[in-house]
Amino acid sequence: TLANSVTALTSKDEERQVSELLNHAISKCTFLPNMQKHLSFLTEKRAAFSHLDLVQVALVQQVNRMAGIMENRDEKAFMQALAAYSYITIPSLRSSKNKMNLYLETAQICLRNGCLGQAEACLRGIINLLGQDSEEGSEKWMKEFLPNLFSTLLVVPDNPEHGVLYLIRGTMNAINKYPWDKNQPFKAFALIDAIKMFSTACQEVYPYGFENLESNDVLYGSDENFIAEISNMTGTMVSLVKDHIDYFDETKNIDASNRIRMELFFTILNFGNLENGSNMKTLALTLGQEVLNNSSLSKKDREMFRRCCIWFKENNREKIVRKIVTKIGI
């Protein structure tokens, strides 16, 4: 058969073509609205094409689409069966990128369906993968993947058995262990994205959530200890970003250090606590002045920075933000 023609000696391009043909054929076969029968069909295809990664990816996506259209909460056992299909299939894939994308997609569907335990298991799968060796040249992909992960972690309620922000804490530890390229600023940008998440986690009411799922804003109700824990973690992230700026300055990678400075500066203006005497206010002033006083900053970047600052000055409702922009000389 077509599938059996794919062996270890088959080229990647030929394997991709065969997989695409099979995916197209499988997508044309349906037993819906009988979801149980359709799941059995997809289970058979999983066993038949276990050696074809792209087919396995498509099967998981089909199952997740099925779970995503379910509305009857009384069928939670079947929702959990769909989640189990995806969770069992994903580890067999070769590509870490495919694994993480599908784990995250499955976790989001599980949260939508109220299957919190299955969602946590998928998120832990991502954390484990983050701590492993990466595929070559994957740092840029990882930086683009993490904001989606952070936005999901934000609304996952804490498990009392594991402590405050245990999934987020595990994610940050894994990101720190991830083998980032030291000559690229991707890790620093990922940490800045985490700072944005922590800022949102401090809000009394989160800007979004899943129906019938209480997030930490409800569970903790802006408890002082919870906010203090987030503040400590945010402070650690800021310190790590500053270390990256210093490292790139020392290695004469001025372009990278300037990009990090600008990103951190605008992040602080948007998300930071800028009250009088605040460390964030002092840091924002320092970063802004360093950017403007840097003679190696390109004309294009300098003009972009000035235009953004002027926009903040004219449109931001916070007086302290407008004052900081004025102080740095804009």
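Residues numbered from 1 in each chain as written. Predicted model: local features only at pLDDT ≥ 70, side-chain atom pairs only at ≥ 80, totals over all residues. Heavy atoms only, no water.

**Q** Please explain the overall build of the protein chain as it appears in this structure.
**A** In terms of helices and strands, the protein chain carries 15 helices and zero strands. For the protein chain, the spread of C-alpha atoms along the three principal axes comes to 70 × 50 × 35 Å. Among the 330 residues that make up the protein chain, the fraction classed as buried is 47%. Counting contacts in the protein chain only where the partners sit at least 6 residues apart, residues at least 24 apart contribute 67% of the total. (Helix = DSSP H or I, 4+ residues; strand = E, 2+ residues; numbered from the N terminus. Buried < 20%, exposed > 50% of the residue type's maximum accessible area, 1.4 Å probe, protein only. Contact = heavy atoms within 4.5 Å.)

**Q** How do you make sense of the environment of Leu111 when you look at a structure like this?
**A** Among the secondary structure elements, Leu111 is positioned in helix α5 (residues 96-112). When near neighbours in sequence (up to four residues on either side) are disregarded, Leu111 contacts Leu116, Ala119, Thr152, Val156, Phe210 and Leu213.

**Q** Just checking my understanding: could you explain the environment of Asp193 for this structure?
**A** Within the fold, Asp193 resides in helix α9 (residues 186-201). For Asp193, a relative accessible area of 12% corresponds to the buried category. Taking the C-alpha atoms as reference, Asp193 lies 9.9 Å from Glu144; in sequence the two are 49 residues apart. What Asp193 contacts, discounting residues up to four positions off in sequence, is Lys143, Pro147 and Phe150.

**Q** Is there a simple way to explain the packing of aromatic side chains in this structure?
**A** The description of an aromatic ring pair rests on the distance of the ring centres and on the angle between the ring planes. Evaluation of the coordinates by the stated rule reveals ten aromatic pairs. Measuring from ring centre to ring centre gives 4.1 Å for Tyr220 and Phe226, while their planes differ by 5 degrees; the resulting arrangement is stacked. Of the residues examined, Tyr220 reaches a relative accessible area of 25% and is grouped as partly exposed. A residue is classified by how much of its surface remains accessible, and Phe226, at 3% relative accessible area, is buried. By way of ring pairs, the aromatic residues Phe265, Phe266, Phe305, Trp311 and Phe312 are connected into one cluster. Positioned above the aromatic ring of Tyr85, the side-chain terminus of Arg46 is 4.3 Å from the ring centre. (Phe/Tyr/Trp six-rings, centres within 6.5 Å; stacked < 30°, edge-to-face > 60°. Lys NZ or Arg CZ within 6 Å of the ring centre and 35° of its normal.)

**Q** Would you mind showing me how to read the side chain of Gln56 here?
**A** Note on placement: Gln56 falls in helix α3 (residues 53-68). When residues no more than four places from it in sequence are discounted, the contact partners of Gln56 are Lys45, Arg46, Phe49, Ser50, Thr89, Ser92 and Leu93.

**Q** Looking at this structure, how should I read the pattern of salt bridges?
**A** Note that side chains of opposite charge can pair when their charged atoms are close. Counted according to the given criterion, the structure contains eleven salt bridges. Salt-bridge contacts for Arg16 lead to Glu20; the nearest nitrogen and oxygen are separated by 3.1 Å. Taken together, the positions of Arg16 and Glu20, both in helix α1 (residues 12-27) and four residues apart, correspond to about one turn of that helix. Note on Arg16: relative accessible area 32%, which makes it partly exposed. (Salt bridge = Lys/Arg side-chain N within 4 Å of Asp/Glu carboxyl O.)

**Q** I tried to follow the packing of helix α6 (residues 116-130) against helix α8 (residues 166-177) on my own but got confused; where do I start?
**A** When two helices pack together, you describe them by how their axes are tilted relative to each other and by the distance separating the axes. Where α6 contacts α8, the two axes come as close as 8 Å, and the packing angle between them is 20 degrees. Considering the angle they form, α6 stands roughly parallel to α8. For the pair α6 and α8, the crossing hand works out as left-handed. Packed against α6, whose contacting residues are Glu120, Leu123, Arg124, Ile127 and Leu130, the element α8 presents Tyr166, Leu167, Gly170, Thr171, Ala174 and Ile175 at the interface. Along the lines of polarity and charge, the residues of the contact of α6 with α8 split into seven nonpolar, two polar and two charged. (Axes fitted to C-alpha atoms, helices over the stretch in contact; angles between N-to-C directions. Parallel < 35°, antiparallel > 145°, perpendicular 65-115°, else oblique. Left-handed = near helix turned anticlockwise from the far one by under 90°. Nonpolar A, V, L, I, M, F, W, Y, C, P; charged D, E, K, R; others polar.)

**Q** Sorry if this is basic, but what is going on with helix α7 (residues 139-154) here?
**A** Given a rise of 1.5 Å per residue, 16 residues ought to cover 22 Å, and the 22 Å separating the end C-alpha atoms of α7 matches this to within 8%. Along α7, the residues classified as buried are Glu139, Trp141, Met142, Phe145, Leu146, Leu149, Phe150, Thr152, Leu153 and Leu154. Looking at the packing, one finds that the buried side of α7 touches α5, α6, α8 and α9. (Expected span 1.5 Å × (residues − 1).)

**Q** Can you help me understand the packing of helix α2 (residues 35-48) against helix α4 (residues 76-89) in this one?
**A** Direction vectors running N to C along α2 and α4 enclose 10 degrees, while the axes themselves pass 12 Å from each other. Comparing their axes, α4 and α2 come out roughly parallel. For the pair α2 and α4, the contacting residues are Met35, Gln36, Leu39, Leu42, Thr43 and Arg46 in the first and Phe78, Leu82, Tyr85, Ile88 and Thr89 in the second.

**Q** Help me out: how do you make sense of the environment of Ala284 in this one?
**A** You can see Ala284 is positioned in helix α13 (residues 279-292). Judged by its relative accessible area of 0%, Ala284 is buried. Considered as a pair, Ala284 and Met100 are 184 residues apart in the sequence and their alpha carbons are 34 Å apart. When near neighbours in sequence (up to four residues on either side) are disregarded, Ala284 contacts Phe265, Ile268 and Ile324.

Geometry only, nothing functional implied.
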